[in-house]
Amino acid sequence: MDPDLNSRGLPSTHWLSQANPARGRFRTFLLKSLDNFVVSQRRKERAQKRSPGSGVLSVDELSAADEPQHNDPPIDRTEIVWAQAALDSALLNMRRECETSSRMDIWGVFEGRLLSAVLKDSPETGYEKLIQRFGFKSPSHAFNVLNTAKRMFKRHLRSVIAEYARDSSEIEEELGELKGRLLRAG
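First, a word on what this report is: a plain description of the structure on this page. Because the structure is predicted, anything quoted here is derived from the model rather than measured. (Residues numbered from 1 in each chain as written. Predicted model: local features only at pLDDT ≥ 70, side-chain atom pairs only at ≥ 80, totals over all residues. Heavy atoms only, no water.)

1. Observations concerning the environment of Leu-146
Keep this limit in mind: Going along the chain from the N terminus, every DSSP run of H or I of four or more residues is numbered as a helix, and every run of E of two or more is numbered as a strand. Every residue pair with non-hydrogen atoms within 4.5 Å of one another is taken to be in contact.
Checked against the element boundaries, Leu-146 lands in helix H5 (residues 139–162). Separated by 40 residues in the primary sequence, Leu-146 and Ile-106 place their C-alpha atoms 6.8 Å from one another. Setting aside residues no more than four positions away along its own chain, Leu-146 makes contact with Val-109, Phe-110, Arg-113, Leu-114 and Tyr-127.

Right under this line is the structure:
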């Protein structure tokens, strides 16, 4: 495996430290970084095809597919990567807050009712199980904790986006675009 790639085949996170909110939006930074990565990978693949290790090719044997394409359209995957990075960061921050405040019941309800269904494609945890696991008084108590978790997640997601947005209207615009991307990807 390439040392600059993570387990998903995407660039490792050391490049993320180069993000600078003063220089522009985080999404633009991610898109440009991913574009650079794709260009680099394509160059590497073309170089391997032309490598003497796999036999020498004559110029006449090269196909149109082997020629560099400089006007490739942007890859839709960049939008998904941006959305995933924002969500991952918000989830990590939320979990840390739950751990720090000794409120893992909030995280547990959020994970059981929403995350497991969305991320792991498994059924939601029933309210009865949540009552037993966390000692809630009633299903409505568990439901109220779920609402608290949803508000906490929204706050953390808004905070992640706010690190790179210039004002509240831009945060709302980014949230809308993120929601749209997730709906198109799903």
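From this point, the discussion proceeds with the structure in view.
2. Remarks on the side chain of His-156
Note the threshold: Nitrogen and oxygen atoms within 3.5 Å of one another constitute a polar contact, given that in protein one can donate a hydrogen and the other can accept it, and given that sequence-neighbouring residues count only through two side-chain atoms.
As for its position among the elements, His-156 is in helix H5. Among the polar contacts listed, one links the side chain of His-156 to the side chain of Glu-97, at a separation of 2.5 Å.

3. Details of the packing of helix H2 (residues 77–100) against H5
Filter applied, for reference: Working convention: axes come from line fits to C-alpha atoms, limited for helices to the stretch in contact. Angles between N-to-C directions cover 0 to 180 degrees. Should an angle fall under 35 degrees it is called roughly parallel, over 145 degrees roughly antiparallel, and 65 to 115 degrees roughly perpendicular, with every other angle called oblique. Note on convention: the crossing is left-handed when the near helix lies turned anticlockwise from the far helix by less than a right angle, right-handed when the turn is clockwise. Gly is placed with the polar residues, together with every amino acid not listed as nonpolar (Ala, Val, Leu, Ile, Met, Phe, Trp, Tyr, Cys and Pro) or charged (Asp, Glu, Lys and Arg).
One can describe the packing of H2 onto H5 by two numbers: an axis separation of 8 Å at closest approach and a directional angle of 125°. Relative to H5, the element H2 lies oblique. In this structure, H2 meets H5 at a crossing whose hand is right-handed. Residues Ala-86, Leu-87, Ser-89, Ala-90, Leu-91, Asn-93, Met-94, Glu-97 and Cys-98 of H2 lie in contact with H5, whose contacting residues are Ala-149, Met-152, Phe-153, Arg-155, His-156, Leu-157 and Val-160. By residue class, the composition of the contact of H2 with H5 is 11 nonpolar, three polar and two charged.

4. Let's talk about helix H3 (residues 104–119)
Heads up, the rule is: In this scheme, a helix's expected span is set at 1.5 Å multiplied by one less than its residue total. Bend angle per residue: angle between axes fitted to the 7 residues ending at that residue and the 7 residues starting there. Note on classification: 1.4 Å probe, protein chains only; a residue is buried when its accessible area is under 20% of the maximum for its type, exposed when over 50%, partly exposed between these limits.
When the terminal C-alpha atoms of H3 are compared, their 19 Å separation across 16 residues is substantially less than the 22 Å that a helix rising 1.5 Å per residue should span. Most pronounced at Glu-111, the bend in H3 amounts to some 45°. Residues of H3 that are buried: Asp-105, Ile-106, Trp-107, Gly-108, Val-109, Phe-110, Gly-112, Arg-113, Leu-115 and Ser-116. Asp-121 sits one or two positions beyond H3 and adopts a positive phi of about 55°.

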